[in-house]
Number of protein chains: 2
Amino acid sequence: MAGNGASLEVGFDELAVLKVLALEGAHRGEVKISGGDLAADLDVSTQTVSRRLQALEGADCLDREQVADGQFVTLSEDGVGRLKAEYEDYRRIFEAKGTVTLDGQITTGMGEGRHYVTLPGYNVQFEEKLGYDPYPGTLNVTLSAASNRERSILGSLEGITITEWEDEERTYGGATCYPATVEADTGPTFEGAHVIVPHRTHHDTDELELIAPERVRDELGLLDGDEVSVHVESA
Amino acid sequence: MAGNGASLEVGFDELAVLKVLALEGAHRGEVKISGGDLAADLDVSTQTVSRRLQALEGADCLDREQVADGQFVTLSEDGVGRLKAEYEDYRRIFEAKGTVTLDGQITTGMGEGRHYVTLPGYNVQFEEKLGYDPYPGTLNVTLSAASNRERSILGSLEGITITEWEDEERTYGGATCYPATVEADTGPTFEGAHVIVPHRTHHDTDELELIAPERVRDELGLLDGDEVSVHVESA
DNA sequence: ATTACTAGTTTACGAGTAA
DNA sequence: TTTACTCGTAAACTAGTAA
């Protein structure tokens, strides 16, 4: 925490400046620009551009060499990295990427899965839409911190929708299924499972639930705590 | 200018919200989220999230349906369009796009090109890196307003770097070359030329300089004012 | 022409509160 | 729990000036 002068934070506004600079080629090498040009592109004042460039320089996102009528700017590795992270986000959004791999440990759920999977309103849909009658129980995986952060990528995949239904007593919420392959840390894999994501569930869980025609635990010889990789595909 | 309540402008901060929503799949259909989750993702307060969602809704970037414990959000065509525009920018930056076409009129430069092209420090590099000894002179094209705006895309193409050099008197700056094909308005084309962009040049010029093994003007029968399309490729 | 400082104003923020 | 108000404060903006 060196006592740097002012706001050296790189927010979305600063990122926009980086992007414009990269569009001019500053990620590839030295590019000459003037604050006025940037100001016009970004629709802000030249003073604001000046400040944002200082912030970016202070955050080691770019190097500058000022001359009489402008400045030469080169994006640093850090700067390009930030842009690349944004780019990766947009790719995840628009290029329905084929697969996502999530890592975690086998865990024992609270038995809810077993109950729900056997309910007729769901079971009929599983047979119809997934093509099999699931083993009465779910394989639960506690995701690693990194994978849990990636969990949201599932939303960008094509899923198989299980619609909500009701009986005389209550309503049962819908869910989305994604084809998945379970790979045990020790080598063997199980194909033909599905990740099932209930629509009405707390977002802040780090558990992934899967269903399959057979009991995956038995097929792969999995015990609680065993590491697995779940390869999720687009439907 | 309808007297809308407050700041309905969609800035980069609001765009960031759109992006997070899209990562959750909101560009594909209804997605359930809570302001708190978004606030955590974006590292801002829930109040700010609330305000930004209102701004995005006011700008017709998304539709919302609020329920007791959160809200269902769907990105509108407008909202997805804004994200797509961003994505296109990032693609231009990172996916060295194959070709760019710039249009303009043939013009007579100030003869500087002829002088520089023949200097030994450059000539040696041309032979080595481009594979030919250029005709002693440059083909100058005054770009149309639209093409001049696209000129910056060149920076995102892979180029061939001509390094700076010096003699006893002074230093000669570097440049970047891009393979190019010149297409005359009348039909004939010349392949095997190169756009040359000096590193130390004013950004605000609307002239494009090309070098080639032969005199392109003669090969294509070009006169000042003739319209040409320059197809620039990635090296 | 630039860039960047200081000063004054506006805008955006987050805490608290209500529904 | 939610979402969205009000309100006091803090941050960011633009205008003007200097280098």
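Structure's up top.
Bear in mind the structure is a predicted one, so any value in this text is a computation, not a measurement.

1. Concerning the sheet that holds strand β1 (residues 31-33) of chain B
Residues and elements named next belong to chain B.
- The strand order across the open sheet formed by 3 strands is β1-β3-β2, and the pairing between neighbours is antiparallel. Strands with a single pairing partner mark the edges of an open sheet, and in this sheet they are β1 and β2 (62-67). Across the sheet, the mean angle separating the axes of adjacent strands is 30° when strand polarity is ignored.
- Here β2 pairs with strand β3 (residues 70-75) via 6 bridges, running antiparallel.

2. Considerations on the interface of chain A and chain B
- Contacts between the two partners involve 38 residues from chain A and, on the opposite side, 40 residues from chain B.
- Here chain A packs against chain B, burying approximately 3,600 Å² in sum over the two surfaces, 58% of which is carbon and sulfur.
- Considering only the side of chain A, the residues that lose the most area to chain B are L23, Y90 and F94 of chain A, jointly responsible for 20% of the buried surface there.
- For E158 of chain B, the salt bridge goes to R28 of chain A, with nearest N and O atoms at 3.2 Å.
- At the boundary of chain A and chain B, one finds 11 residue pairs in polar contact (both at pLDDT 80 or more).
- Every element with two or more residues in the side of chain A that touches chain B is listed here: α1 (12-23), β1 (31-33) and α4 (77-94) of chain A.
- Sort the elements by how many residues they give to the side of chain A that touches chain B and α4 of chain A lands first, with 11 residues.
- Tallied by class, residues from the side of chain A that touches chain B come to 17 nonpolar, 6 polar and 15 charged.

The rules we used
- Residues numbered from 1 in each chain as written.
- Chains lettered and ligands numbered in written order.
- Predicted model: local features only at pLDDT ≥ 70, side-chain atom pairs only at ≥ 80, totals over all residues.
- Heavy atoms only, no water.
- Pairing = 2+ DSSP bridges.
- Helix = DSSP H or I, 4+ residues; strand = E, 2+ residues; numbered from the N terminus.
- Axes fitted to C-alpha atoms, helices over the stretch in contact; angles between N-to-C directions.
- Contact = heavy atoms within 4.5 Å.
- Buried area = accessible area lost by both parts, 1.4 Å probe.
- Salt bridge = Lys/Arg side-chain N within 4 Å of Asp/Glu carboxyl O.
- Polar contact = N/O pair within 3.5 Å; in protein donor to acceptor, adjacent residues only side chain to side chain.
- Nonpolar A, V, L, I, M, F, W, Y, C, P; charged D, E, K, R; others polar.

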